[in-house]
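# Descriptive structure summary
Each chain is listed here by its residues.
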Amino acid sequence: MLSWMIGGAQGSGVDSSANLFAYSISSAGYYIFGKREYYSNIKGEHSYFNVVASDRPVRSTIDPVHILASFDAETVFRHAHEVVNGGAIIYDASQEGESLKNIPTIEERVKTDLSRWLRDEGVGETLKDVLTLAKRRGVKLYPIPYMDLIKKTGEILGEQQLTLLMRMVNTMAVAASFALLKADINRLHRGLTYAFRAKKAVVEMNFAGCKVVYDYVKSNFSDDFPISLPNRPLPQDLVLVNGTSIVGIAKVVAGCRFQTYYPITPAADESVYLEDKQVFDLNMVDGGDYEYPHLAENRQLSGKGHILVVQTEDELAAIDMAVGASLAGVRAATSTSGPGFSLMVEGLGWAGMNEVPVVITIYQRGGPSTGLPTRHEQGDLLFTVFAGHGEFPRIVMASGDMEEAFYDTIKAFNYAEKFQLPVIHLLDKSLANSTQSIHIPNIGDVVLDRGLLINEHLDGKSGYKRFQFTDNNISPRAPIGTRGAIFWNTGDEHDELGHISEDPVIRTRMMDKRMSKLELVKESIPTEEKVVIHGGHDSDTWIVSWGSTKGPILDALEMLREEGIDSISFLQLKILHPFPAEACSEILSGAKRIIDIEQNYSGQMAKLLAMEAGIRPTNWILKYNGRPFSSTEVADAVKDVLSRNTKRVVTNRGG
Amino acid sequence: MTVTQKLTAAHFRTPLFNDWCPGCGDFGILASIQMALAELQIEPHRAVVFSGIGCSSKTPHYINVYGIHTVHGRPLPFAIGAKLANPDLTVIAVGGDGDGLGIGAGHFVNAGRRNVDITYILYDNGVYGLTKGQASPTLRRGLKTKALPRPNINDAVNPIALAIVSGYTFVARGYAYDTRHLKELIKQGIQHKGTSFIQVLQPCPTYNDIHTKEWFAGEDKIDPVSKRPTPRLYKLEEIGYVAEVQSDSEEERVKRRVEAIRLSYEWGDRIPIGVFYNDPFTPTYEERIAGIAPVYLEAAPAWQPIRTKSLRPVADVTNIFNELKVVQ
């Protein structure tokens, strides 16, 4: 396993070099997981990307860094201490004289800590001092004269304008890493083609630079770096995805044809991706025997489908517009983050009151208020479960990783239409912005369940009632535009036709109709869609958690097993509302120790567990510093709990 | 599909008890909408009326077409969602002046930027009726309507001017008690390709004791010669005003807009009603979508099959995944 990190000022190409590395090393046959950390800033602040590559699938990052690739001093100042003994730092040889105090983008708190450390070690405050300390503990140093190598590349390419080539330094840091790892430079060419898409000239220019650096490292340093990543057989059907792209693709598969959004970090990436992919292919499964809506009025598709993405004026409009489209019979969704969802709450209540299927995808980020706009948190669980005045049914579900996010997105639309209610799909910044190699999901098993959707014009004599009382409390749902099915909707309490009613008898019946759908949800959704058990069923020690902590927890459990701690099971909750109380009670009935792991302050899921199932965890591992758990961090925290029975472990790793 | 029976206003009525105050201007607007739909022979199931919250927003319940009574201030986003999903629908949004220009002002402005083919009718009586008569965004500063404990200290927004600068391509004003005239404006608004805005002046007999039916009729202004009231309202079409943009040029648009805005400030003794601005050239939002994705014309969201008859997805994302695929 390799843990590789690259950093630099935002806007200087850190992202593209990270993508280049991730793709190129994947192309060499390795699985990757990459984590992106960045400030709420466009240019200048420090961002970094940590990629773990392995011959087995990886689901999280680890704390130790084996190679730190850099082209600015700030990255080394900030991250040198994370590099393991025997690891490597690749840096710009010309910056050794840079002084800590001259770097304006390092926060005072970080500067003070670094200064104190350097003083304690008895050295000065230049980059050279930091590197000397690293070297002293066995870190290998790889000074790269980027400027000279750019000049050399310019000579090879016959390019006089060196400013054109300056942006290549980040690519060069990747090439130097490849040289250390004895990885195949031709795979970098693949990566460049991926990173720069159609721009062939840019690919070739960068590749020329890569070769110069690769050769420079080969001929100027000994090839004794302990990790090497030679080509391996490429796993089949591997794709590089992040949470926003995989959810976007899943929406297309799910039949979502209307998506709204108001720009917000980190959710907006999904909508922008969908806008780019708005026209898509149609398959010919079942011989193209499509179920056309009656509203198509004999129109036929000619080979392409379309998802309409609308950027709205705010999140109030975003949810309302999606609901408007849903009333017209369309699978519709909106995508947002915490502050946006705050605005959506009134629309959510209206959708609940009028039994409108709509999917709200939420990428949680650090709150409250603006909070940490570009950082990670699982702070919105209780908010989404209870959001809105009055009582109305909704489903809240959470995905643990990219693959789950794909299938869950499709399920979210099925649930929404089947039970005629809003579905909130919780994801988070870590899923949104991480990159992972996964196998292409199997779409062959996907079924789209539209519930009681009326798909024909009616004769008008049926006396259609949108909110007709039925045995299971689900009423046949006609889209607007259906002949013979005129109905009314209102946010007021209403009768079966949808007209305002303040009649106490009707009020009680309508409340019962809506709210008892939650019971139907509990009965109809199979247990394995609500909770997932990782490990043995009869363990004494259980971890309970939800969402993107899944990856670090599973990887941590593997590490602990290797250390002989193999008796821990992990209960992952996927449906958080209505809460799977019975399943939890049954599964946790024999548990002697229950460790709640969440990325929020309060242990929000544990509160639901106590409220709904009467089960209280014995220990908590919580984190709310804005950075996702690493697997090593989870493993250390679990060991802390097991060895010292620490009640509440609050971790704080990540820069 | 053939219309077998000629539709009349009666076809657009529901049997519900209407709980507006006696003499409310809402009745005239409701009747005008029903007459307009009938005269245009729009089949009831192909039309949908969206509303916000307030007295006037009960309108959909009294019309026999799809009726969606939404959230305070938000009929426009709901309406736009439905129209873009199924462009076959005739979509009308209605709401009060507080709904549209107070809590919904953001949507009001941004709907103008899109020019979706819908009609928005604003019931303007200067007060919040259902909450017992507070000042609305169109009540002028210094006025003290019946329920206000102090005179209004906010300035009024100019709905016509705001609509024009926001980009609405059909902007008109009617009067609730002139249903024949208002009905024609609504018909024109529905037939206009793009977002139509119709401000309707209406007395609130319960809470607005200033802008009463008598005030609009000029009963306080008796002509010394004829001894008859001098009505405040006059019709733009009767003074030869040209509302229509004559050619697809920005210069021509600006000229008509400036003229319309100038007229919109006329208030007090003479108040114009009629069409202020009509631009048939600016492309609708639907046309703009089709410009990017021509497939929208045959594949609007509500017209697309999403699954096969055996419930499998029809979308093929192989090519999307191929772009993300790792190759050697």
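Residues numbered from 1 in each chain as written. Chains lettered and ligands numbered in written order. Predicted model: local features only at pLDDT ≥ 70, side-chain atom pairs only at ≥ 80, totals over all residues.

## Some remarks on the interface of chain B and chain A
It is common to give the size of an interface as the accessible area that goes away when the parts come together. Under the convention used in this document: Here, residue contact means that the backbone-derived C-beta atoms of the two residues sit within 7 Å. The way it works is that DSSP assigns letters per residue, a run of H or I at least four long becomes a helix, a run of E at least two long becomes a strand, and they are numbered from the N terminus. Nonpolar residues are Ala, Val, Leu, Ile, Met, Phe, Trp, Tyr, Cys and Pro. Charged residues are Asp, Glu, Lys and Arg, and all others, Gly as well, are polar. Pairing between strands is defined by DSSP: at least two bridges between them are needed.
Contacts between the two partners involve 61 residues from chain B, matched on the other side by 80 residues from chain A. When contributions to the side of chain B that touches chain A are tallied by element, the ones reaching two or more residues are strand 2 (66-69), helix 2 (75-85), helix 4 (105-114), strand 11 (315-316) and helix 10 (318-324) of chain B. Of all the elements, helix 2 of chain B adds the most residues to the side of chain B that touches chain A, at 8 residues. Among the residues forming the side of chain B that touches chain A, the class breakdown is 36 nonpolar, 16 polar and 9 charged. As paired elements, strand 9 (residues 279-282) of chain A and strand 11 of chain B share 2 bridges and run antiparallel to each other. Residue A:Leu282 lies in a different strand from strand 11 of chain B, and its bridge partner there is B:Ala315.

## Describing unusual backbone geometry
All names here are of chain A. Stated formally: Here a residue counts as buried when 20 or more other C-beta atoms fall within 10 Å of its C-beta, as exposed when 12 or fewer do, and as partly exposed in between; the C-beta atoms come from the backbone.
Of note, the bond from threonine 265 into proline 266 is cis; its omega dihedral lies within 30 degrees of zero at -5 degrees. With omega at -5 degrees, the peptide bond leading from histidine 577 into proline 578 counts as cis. On the secondary structure map, proline 578 appears in the loop between strand 21 (575-577) and helix 21 (581-587). Of note in the backbone geometry, glutamine 420 takes a positive phi value of approximately 50 degrees without being a glycine. In this structure, glutamine 420 sits in the loop between helix 15 (402-419) and strand 15 (422-428). Classification of glutamine 420 as buried rests on a count of 26 C-beta atoms within 10 Å.

## A word on the nonpolar core
Within soluble globular proteins, side chains that are nonpolar tend to cluster in buried spots. Here is the rule we go by: Under the definition applied here, buried Ala, Val, Leu, Ile, Met, Phe, Trp, Tyr and Cys residues are grouped into a nonpolar core through C-beta atoms within 7 Å.
Grouped together as the largest cluster of nonpolar side chains are 275 residues, with contacts concentrated most on A:Ala176 and A:Leu576. Examining the composition of this core, we find that 10 residues originate from one element, helix 15 of chain A, more than from any other. Residues within four places of A:Leu576 in sequence aside, it is in contact with A:Leu381, A:Val385, A:Val396, A:Met397, A:Ala398, A:Trp546, A:Met605 and A:Leu608. Residues B:Val127, B:Tyr128, B:Ala135 and B:Cys204 belong to the second largest nonpolar core, which totals 6 residues.

## Some words on the domain arrangement of chain A
Residues and elements named next belong to chain A. To keep it simple, the criterion reads: Here the bounds of each domain stem from an automatic or database domain assignment.
For chain A, the domain assignment lists domain 1 (2-220), domain 2 (240-445) and domain 3 (527-650). The C-alpha-based centres of domain 1 and domain 3 are spaced at 36 Å. Every contact between the two is made by 7 residues of domain 1 and, on the other side, 10 residues of domain 3.

## Examining helix 9 (residues 200-220) of chain A
Residues and elements named next belong to chain A. Selection criterion: Multiplying 1.5 Å by the helix residue count minus one yields the expected span of that helix.
Taking 1.5 Å of rise per residue, 21 residues should cover 30 Å, and helix 9 covers 30 Å from first to last C-alpha, within 8% of that figure. Taken residue by residue, helix 9 has Met205, Asn206, Phe207, Gly209, Cys210, Val212, Val213, Tyr214, Tyr216 and Val217 as its buried positions. Packing partners of the buried residues in helix 9 comprise strand 6 (140-144), helix 5 (146-157), helix 6 (162-166), helix 7 (169-180) and helix 8 (185-196).

## Examining helix 1 (residues 14-27) of chain A
All names here are of chain A. If you check helix 1, its first and last C-alpha atoms are 20 Å apart, about what 14 residues at 1.5 Å a residue would give, namely 20 Å. Among the 14 residues in helix 1, 13 count as buried, and that is most of the element. Once helix 1 finishes, glycine 29 follows within two positions and takes phi at roughly 110 degrees, a positive value.

## Considerations on the sheet that holds strand 20 (residues 568-573) of chain A
Residues and elements named next belong to chain A. Selection criterion: To get an axis, a line is fitted to the C-alpha atoms, and for a helix only the part in contact is used. The angle between two axes follows their N-to-C directions and goes from 0 to 180 degrees.
Strands sit in the order 18-20-19-22-23-24 across an open sheet of 6 strands; the sheet is mixed. The two strands at the open ends of the sheet, each matched to only one other strand, are strand 18 (531-534) and strand 24 (648-650). Between one strand axis and the next, the sheet turns by 20 degrees as a mean value, whatever way the strands run. Bridging between strand 18 and strand 20 involves 4 bridges; their strand directions are antiparallel. When the bridges of strand 20 are listed, isoleucine 533 appears paired with leucine 571. The strands touched by helix 20 (residues 550-562) are strand 18, strand 19 (541-546), strand 20 and strand 22 (593-598); relative to strand 20, the strand with the most contacts, the crossing angle is about 170 degrees.

## Focus: the sheet that holds strand 9 of chain A
The pairing of strands in a sheet happens through backbone hydrogen bonds and is either parallel or antiparallel. Ordered in space as 10(A)-9(A)-11(B), the 3 strands form an open sheet in which the pairing is antiparallel. Of all strands in the sheet, those with a lone pairing partner are strand 10 (304-306) of chain A together with strand 11 of chain B, marking the two edges.

## What about the pairing of strand 9 of chain A?
As paired elements, strand 9 of chain A and strand 10 of chain A share 3 bridges and run antiparallel to each other. Bridge assignment links A:Phe280 to a residue of strand 10 of chain A, and that residue is A:Gly305.

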